[in-house]
Amino acid sequence: MLLMECVLHLYVSTVELSLDSPLNDRKKKDAVKPSLSAPAASVASSSSKAPSKTLEELEEEESEDKFDLNISVTNPEKVGDGMNAYMAYKVSTQTSLTMFRSKTFTVRRRFSDFLGLYEKLSEKHSQNGYIVPPPPEKSILGMTKVKVGKEDPSSAEFVERRRAALERYLQRVVSHPSLLQDPDVREFLEKEELPRAVSTQALSGAGFLKMLNKATDAVSKMTIKMNEQDVWFDEKIQDVENEEQHMRKLHVMVESLVNHRKELSGNTAVFAKSVAMLGSSEDNTALSRALSQLAEVEDRIEQLHQEQASNDFFTFSELLADYIRLLGAVKGCFDQRMKAWQRWQDAENMLQKKREAEAKLLWANKPDKLQQAKDEIAEWEAKVTQYEREFERISATVRKEVIRFDKEKARDFKRQIVKYLESLLNSQQQLIKYWEAFLPEAKAIA
Amino acid sequence: MTSISEDSDKEKVRSVSVDLNNDASLVIDIPDALCERDKVKFTIHIKTTLSSFQKSEFSVPRQHEDFIWLHDTIVETEEYAGLIIPPAPPKPDFEGPREKMHKLGEGESSMTKEEYAKMKQELEAEYLAVFKKTVQVHEVFLQRLSSHPMFRKDRNFQIFLEYDQDLTVRRKNAKEMFGGFFKNMVKSADEVLISGVKEVDEFFEQEKIFLLDYSSKIKDATAKAEKMTRSHKNVADDYNHISGAMNSIAADNNTAFKKHLEKCAEVFEKLRKLEDRVASDQELKLTELLRYYTRDIQAAKDLLYRRARALADYENSNKTLDKARLKGKDIAQAEENQKQCLRKFDKLSESGKKELTSFKARRVVAFRKNLIEMTELEIKHAKNSMSLLQGSIEILNSN
């Protein structure tokens, strides 16, 4: 039975998985078909043989996606007081997709809801080799400041940083064609009240268990040495590791830029005040006037630097932080593939042992135990086939996911780089304005 | 060993004190400087029509210590007590670049080839910046002397310009001769003495109030400008590192991603150069201007101090005369002393007034010139940045 289901999932055409059928909801819970795009588009692409479609063709299908779904996370509001307080965010969706109940809708969610969504998606899809976008990190310090009610710029910055990160997180989730189909995602966007996600509490029992699981995973990763048939995977994992390292370095440097730009802003403001004082002390009238004008220019420039620092951070630094986390998720699905391989190998070994046991029984001439041995062999033969198929399936998924990820990454970076350069351009244009306005003042000194 | 020859930047790098080379009878500039380990050798270039010089155009190498010697001899010359003595140029400070060079040497093995190249670039830029500053400030010192009717005739100034051998021997002799005897007389203005003196002259009263106030304000502005310039340099350095890191990622990649990153790395590299220019031009035009006038204000205060001392001497001589008259002894001597003190005080007051008035004018003109130049440079760099960014955005969008 299990075997049949697997075959079905691999070979069934995309037509079957139309979205509102409850039957498909259940199927989806087990294993989501990799090549889903917008519901209408995929009728033509049915196939009755598995790898008849090349990867490129599958890619093209996806790029024809133009699903219309806009999500924004806004209006952070503090709910409650003291240590039990939390921030609630407005999650607004605008869409023409028919899978949703209406075209625009809004819900309120808190941070642990987002974490809960990630937990659910990760549980269901990571093991199949999907890259599940990771949510923004928890920050006990950041949140404590907010709870305690400190109205300073650093907690406002923290909230804004988190809001933007949550927005990007959701946008990534829904732009993943398979994850979008997951009912948990729909529920997250649509449902009025969500049950409180308990397992995400920092110090809860479930959290502790999760920590343990992660630790054992790490250990087993070290001991699995995979006999790689497909050199693509070997090369790819190496690339991912290298890229993650480089990106971490780059991120550190961009953070340095953010800090220095903030410093520059502060120092400019201080300088402006000092020049104003100098101007008021100057006894030549025209020079005095020019100096106070200079002070005003520097004040405006300080504003520019502040805005630029914000751009440095949100457009550039956060992009890198996101991708460092995402690359971690990519590594995760390579790990899952390894685990699947291990399961398959273990099953092969077990099958071997059972066959040897049978042979021993034959030789020792114990007919009564023989039937049991034969049953066990059949059982493990089935498992081997199943795990082998699963391994092949997860390999195909990982491969496809990585290709998709690379494309998204190139698109993302290009978009953000352009946005960032535009912010720098805007700064320079403003600078020109300010200095051109000051020039006649300087010339007027006599 | 590094040397700079200022070519196209000739006009831009020039004096914080303006129009000092107007008088064609004696024109001085420093076209070149050489840095050998710890010592900087300046090449002084002189063009003159004055008969007091042997040649009409010549060059001579001088070290920083020679400038200090010249400054000290001038300060210690009683005759110049009523003049604002041009502040001595500060010692060339290569500490920053030297530290960087040290770090570069130590970390060479642990750096990638790119990181090393980038650090070397930064190092060269810093060296150049320090060079420009130190040449400018030494040049201005000489130009102040050459454009002043009294200083330009100074015997030691002529020796400094003409003596075709090493001045080291002379410097040692001078130290023995003067031995700091006059140092006490001319040490930095004693604010208490100045403010304590009963001022009868309205002009000097105003000047005193103004200089004391302005002095602290400009010192503060200089310090704040230095911090601001430092931050600019840090941002430029960051652009440099970011460019290198992006190239590292691009190297390991292929396809569209690689191209985007390489383009972006290129932009950062160019932006870094521009930001560096902004920082160093700001330093030369604004920070150095403020630094110079902080020192010059100090020199003006020193003049006030000397005058105040002369006034105090005069008042003492009056007291002595009164005492002598009372006792009936040494009256003639006391009268002579009092006459001398009065003469000295009047001389100082007269020349002091002239000096302080022209100082005002000079200061205003210098600020005007430098503020205009700084603004024009800022606009130029911003326009360059703008076209760089516009071009890059277009290329990225068209890919």
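Residues numbered from 1 in each chain as written. Chains lettered and ligands numbered in written order. Predicted model: local features only at pLDDT ≥ 70, side-chain atom pairs only at ≥ 80, totals over all residues. Heavy atoms only, no water.

Colleague: Give a detailed account of the overall build of chain A, specifying residues and quantitative values.
Modeller: Helix and strand counts for chain A come out as twelve helices and three strands. Here the analysis covers contacts within chain A between residues at least 6 apart in sequence; of these, 75% occur between residues at least 24 apart. Within the structure as shown, chain A displays about 22900 Å² of accessible surface, and the carbon and sulfur contribution to it stands at 54%. (Helix = DSSP H or I, 4+ residues; strand = E, 2+ residues; numbered from the N terminus. Contact = heavy atoms within 4.5 Å. Areas by Shrake-Rupley, 256 points an atom, 1.4 Å probe, with all protein chains shown as cover.)

Colleague: Please set out the overall build of chain B residue by residue, giving values where relevant.
Modeller: Counting its secondary structure elements, chain B contains ten helices and four strands. Counting across all 399 residues of chain B, residues that qualify as buried make up 53%. Relative to all contacts within chain B whose residues are 6 or more apart in sequence, the contacts with residues 24 or more apart total 76%. Carbon and sulfur atoms provide 52% of the accessible area of chain B, an area that totals close to 19100 Å². (Buried < 20%, exposed > 50% of the residue type's maximum accessible area, 1.4 Å probe, protein only.)

Colleague: Account for unusual backbone geometry, naming residues and giving values.
Modeller: Notably, N75(A) is not glycine yet its phi reads approximately 50°, a positive angle. Look at D330(B): it is not a glycine, yet its phi comes out positive at around 50°. Take D330(B): it is sitting in the loop between α9 (255-327) and α10 (331-398). In this structure D330(B) comes out as partly exposed when scored by relative accessible area, which is 48%.

Colleague: Mind laying out the UniProt feature "coiled-coil region" (unreviewed entry) in chain A, listing which residues take part and the relevant values?
Modeller: UniProt records the feature "coiled-coil region" (unreviewed entry) for residues 370-397 of chain A in the present numbering. The span residues 370-397 of chain A is 100% helix and 0% strand, and its two end C-alpha atoms sit 40 Å from each other. (UniProt positions renumbered as here; feature names shortened; annotations may be inferred.)

Colleague: Can you lay out the sheet that holds strand β3 (residues 104-110) of chain A for me, pointing to particular residues and giving the numbers?
Modeller: Residue and element names in this part refer to chain A. On the basis of which strands lie adjacent, the open sheet formed by three strands has the order β1-β2-β3 and antiparallel pairing. The sheet is open, and its two edges are formed by β1 (69-79) and β3, each paired on a single side. Taking each pair of neighbouring strands and ignoring which way they run, the sheet shows an average axis angle of 20°. One ladder, built from nine bridges, connects β1 with strand β2 (residues 86-95); its direction is antiparallel. In the sheet register, T74 faces β2, and the bridge partner there is K90. Most of the contacts of helix α6 (residues 153-175) go to β1, to which it runs at about 150°, and overall it touches β1 and β2. (Pairing = 2+ DSSP bridges. Axes fitted to C-alpha atoms, helices over the stretch in contact; angles between N-to-C directions.)

Colleague: How would you explain helix α8 (residues 183-190) of chain A if you had to name every residue and give the values?
Modeller: Residue and element names in this part refer to chain A. Most of α8 sits inside the fold, with seven of its eight residues counted as buried. Along α8, the positions that sit buried rather than exposed are P183, D184, V185, R186, F188, L189 and E190. Measuring from the backbone nitrogen of D184 back to the side-chain oxygen at the start of α8 gives 2.8 Å, which picks out D182 as the cap. (Polar contact = N/O pair within 3.5 Å; in protein donor to acceptor, adjacent residues only side chain to side chain.)

Colleague: Run through a positive patch on the surface, naming residues and quoting values.
Modeller: A grouping of K319(B), K323(B), K327(B) and K329(B) is seen on the molecular surface, where their side chains present a positively charged patch. For K319(B), the position within the fold is in helix α9. (Patch = residues over 30% accessible without salt bridge, like charges linked within 9 Å, V, L, I, M, F, W, Y side chains within 5 Å. Salt bridge = Lys/Arg side-chain N within 4 Å of Asp/Glu carboxyl O. Lys, Arg positive; Asp, Glu negative; His and termini not counted. Charge placed at Lys NZ, Arg CZ, Asp CG, Glu CD.)

Colleague: So what's going on with the pairing of strand β3 (residues 39-48) of chain B? Which residues, and what values?
Modeller: Residue and element names in this part refer to chain B. Pairing geometry for strand β2 (residues 26-36) and β3, over nine bridges, is antiparallel. For E36, the partnering residue across the bridge sits in β3 and is K39. Here β2 folds back onto β3 in antiparallel fashion, the turn holding two residues, of which R37 has a positive phi close to 50°. Relative to strand β4 (residues 57-63), β3 is paired through seven bridges, and the arrangement is antiparallel. From the neighbouring strand, F42 faces β4, where its bridge partner is R62.

Colleague: Mind laying out the packing of aromatic side chains, listing which residues take part and the relevant values?
Modeller: Taken as a whole, this structure holds 26 aromatic pairs over all chains when the rule is applied. Taking the centre distance of 5.6 Å and the plane angle of 70° together, the rings of F42(B) and F67(B) count as edge-to-face. Linking F42(B) in strand β3 with F67(B) in helix α2 (residues 64-75), this pair joins segments that are 25 residues apart in sequence. Taken together, F316(A), Y420(A), Y239(B) and F268(B) form an aromatic cluster joined through their ring pairs. Across the ring face of F111(A), the terminal group of R162(A) is positioned such that the distance to the ring centre comes to 3.5 Å. Across from the ring centre of W232(A), 4.7 Å away, lies the NZ or CZ of R399(A), which sits over that ring. (Phe/Tyr/Trp six-rings, centres within 6.5 Å; stacked < 30°, edge-to-face > 60°. Lys NZ or Arg CZ within 6 Å of the ring centre and 35° of its normal.)

Colleague: Before we move on, could you go through the interface of chain B and chain A and cite the residues and values that matter?
Modeller: Taken together, the contacts link 58 residues of chain B with 53 residues of chain A. Carbon and sulfur atoms make up 73% of the surface buried where chain B meets chain A, a total of about 5200 Å² over both sides. Applying the counting rule to chain B against chain A returns four salt bridges. E436(A) is paired through a salt bridge with K383(B); the nearest N and O atoms lie 3.4 Å apart. On the surface where chain B and chain A come into contact, there are 18 residue pairs in polar contact (both at pLDDT 80 or more). Within the residue set of the side of chain B that touches chain A, elements represented by two or more residues are α8 (202-251), α9 and α10 of chain B. The biggest single contributor to the side of chain B that touches chain A is α8(B), with 23 residues. Classifying every residue of the side of chain B that touches chain A by side-chain character gives 32 nonpolar, 13 polar and 13 charged. (Buried area = accessible area lost by both parts, 1.4 Å probe. Nonpolar A, V, L, I, M, F, W, Y, C, P; charged D, E, K, R; others polar.)

Colleague: Go over the nonpolar core with me, naming the residues and quoting the values.
Modeller: The nonpolar side chains of a soluble globular protein tend to be buried with one another. Ranked by internal contacts, the top residues of the largest apolar core, which has 112 residues, are M247(A), W435(A), M246(B), L290(B) and F367(B). Of all the secondary structure elements, the ones that give two or more residues to this core are α10 (231-281), α11 (285-364) and α12 (367-443) of chain A together with α4 (113-146), α8, α9 and α10 of chain B. Among residues more than four places away in sequence, those in contact with F367(B) are L287(A), L291(A), Y214(B), I218(B), L289(B), L290(B) and Y293(B). With 38 residues, the next largest nonpolar core counts M111(B), M119(B), L123(B) and F160(B) among its residues. (Core = buried A, V, L, I, M, F, W, Y, C linked by side-chain atoms within 4.5 Å.)

Colleague: Could you give me a rundown of the environment of Q303(A), with the residues and numbers involved?
Modeller: One can find Q303(A) in helix α11. In sequence terms Q303(A) and G266(A) are 37 residues apart; their C-alpha atoms lie 9.6 Å from each other.

Colleague: Break down the side chain of R144(B) for me, citing the residues and quoting the values.
Modeller: Residues and elements named next belong to chain B. Within the secondary structure layout, R144 lies in helix α4. Residue R144 is classed as buried on the basis of its relative accessible area of 5%. A distance of 2.9 Å separates polar atoms of two side chains, one belonging to R144 and the other to D296.

Colleague: Please provide a residue-by-residue account of the environment of L170(A), values included.
Modeller: All names here are of chain A. Along the polypeptide, L170 turns up in helix α6. Exposure remark for L170: the relative accessible area of 2% places this residue in the buried category. Taking the C-alpha atoms as reference points, L170 and L361, 191 residues apart in sequence, are found 59 Å from one another.

Colleague: Any details on the pattern of salt bridges? Residues and values, ideally.
Modeller: Scanning the entire structure with this criterion turns up 62 salt bridges over all chains. Across the pair R172(A) and D322(A) runs a salt bridge, and its minimum N-O distance is 3.1 Å. Separated by 150 residues along the polypeptide, R172(A) in helix α6 and D322(A) in helix α11 bring together distant segments of the chain. The class of D322(A) is buried, set by a relative accessible area of 5%. Taking the shortest distance from any N to any O, the salt bridge between D237(B) and K100(B) comes out at 3.6 Å.

Colleague: Please give an account of the packing of α10(A) against α9(B) that cites residues and values.
Modeller: Following both chains from N to C, one finds α10(A) and α9(B) inclined at 25°, their axes separated by 14 Å at the closest point. The pairing of α10(A) with α9(B) is recorded here as roughly parallel in orientation. Pair α10(A) / α9(B) crosses with left-handed handedness. On the side of α10(A), the interface is formed by E243(A), M247(A), F271(A) and L278(A), while α9(B) contributes F257(B), L286(B) and L290(B). Counted by class, the contact of α10(A) with α9(B) contains six nonpolar, no polar and one charged residues. (Parallel < 35°, antiparallel > 145°, perpendicular 65-115°, else oblique. Left-handed = near helix turned anticlockwise from the far one by under 90°.)

Colleague: Go over the confidence of the model for chain B, please, and point to the residues and values.
Modeller: Residues and elements named next belong to chain B. Taken residue by residue, chain B gives an average pLDDT of 85. The fraction at 70 or more is 87%. Between residues 1-15, whose pLDDT stays under 50, and residues either more than four places distant or in other chains, the model counts 43 contacts. Under a pLDDT of 50 for its full length, residues 179-186 has, in the predicted model, twelve contacts with residues more than four places off or in other chains. In the model output, the complex is listed with pTM 0.80 alongside ipTM 0.86. (pLDDT = per-residue confidence, 0-100.)

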